[in-house]
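Overview (structure and organization)
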Amino acid sequence: MSKASPLILDGGMGRELQRRGAPFRQPEWSALALTEAPEQVEAVHRAYIEAGAQVITSNSYAVVPFHIGDARFAAEGRKLAEAAGRLARHAADAGPQQVRVAGSLPPLFGSYRPDLFDAARAQDILAPLVAGLEPYVDLWLAETQSSIAEARAIRAGLPRDGRPFWLSFTLQDEDTDETPRLRSGESVTAAAEAAAELDVQVLLFNCSQPEVIGAAIDQARQTFERRGVKIDIGAYANAFPPQPKDAKANDGLDELREDLDPPGYLQWAADWRQRGASHIGGCCGIGPEHIELLACKLG
């Protein structure tokens, strides 16, 4: 029996902004365009919708002190998050098909660095993001999470407003062993167990090499089957080489892998679908041309 078509997600925002010539520099990353070229942000959203994305993600990933600094975040964090939500909503509502908007809730203290997580400060950073995005989003997406502790903190800070909660972990893709793990070293089994406790509707894996995602999907699926819970599984990989444990998201621009062109990425996505992934898109370096092929071949 053939599998149902997966829900197609969008791809990366920052690299696509850079590719289009939008204002883009470190450490602000994709947040810079929210004020200097908002029309470019909306254009990227529209490009993913035209490619076939059924869910687009707000450009709020870099709206944290780690990227824009403490002072600017305190002064403008909510305003920037609101702009990100509004631009995504406008693009979604103008599209030819129904498109949902996911409110991106990023790592609050920096990507790939579970050691930097500070529980005492988490809610102060999360609250302006949620307040700014809330009027515009259809679901909450805590993405690129490196540890279970931060995922729990984000869930605790969300309103119980009936909107779905999607949770996406980033995986170790350097010095791996036979057990798929988060960047914290925690197992995917433990992460899936936590997802079941946190009322997660979709558990995803993102911002990692595609090579490590298949085993994570298997582990999550087996965990949910063992518990008898129904939680969808998804994936959206990046096109980076392996990221070391001390990597920082704003150290510089990583080179992209040539083998992860649209046909190359499609092969990985098709494998994830066979393993049980029902939500598939792309992360850093995966653009509209990738999403168009996914929508065409997997849809």
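Residues numbered from 1 in each chain as written. Predicted model: local features only at pLDDT ≥ 70, side-chain atom pairs only at ≥ 80, totals over all residues. Heavy atoms only, no water.

Below, the discussion takes up the pattern of salt bridges. Following the criterion strictly, the structure yields 25 salt bridges and no others. With its nearest N and O atoms 3.5 Å apart, the salt bridge here joins E193 to R226. Taken together, the positions of E193 in helix α8 (residues 188–197) and R226 in helix α9 (residues 213–227) put the pair 33 residues apart, joining distant regions of the chain. Given the relative accessible area of 21%, E193 is considered partly exposed. Relative accessible area serves as the criterion here: at 55%, R226 is assigned to the exposed category. In this structure, a network of salt bridges that share partners links the residues D218, R221, E225, D271 and R275. (Salt bridge = Lys/Arg side-chain N within 4 Å of Asp/Glu carboxyl O. Helix = DSSP H or I, 4+ residues; strand = E, 2+ residues; numbered from the N terminus. Buried < 20%, exposed > 50% of the residue type's maximum accessible area, 1.4 Å probe, protein only.)

Scored by pLDDT, the chain comes out at a mean of 94, with 95% of its residues at no less than 70. When pLDDT is averaged over each element of the chain, strand β5 (residues 165–169) comes out on top at 99 and helix α1 (residues 14–19) at the bottom at 95. (pLDDT = per-residue confidence, 0-100.)

Across all of its chains, the model carries three aromatic pairs by this definition. Aromatic pair F109 and F117: ring centres 5.8 Å apart, planes at 75°, arrangement edge-to-face. Where Y265 meets W272, the ring centres are 5.7 Å apart and the plane angle is 85°; that geometry is what we call edge-to-face. For Y265, a relative accessible area of 0% gives the class buried. Take W272: its relative accessible area is 0%, and that puts it in the buried class. (Phe/Tyr/Trp six-rings, centres within 6.5 Å; stacked < 30°, edge-to-face > 60°.)

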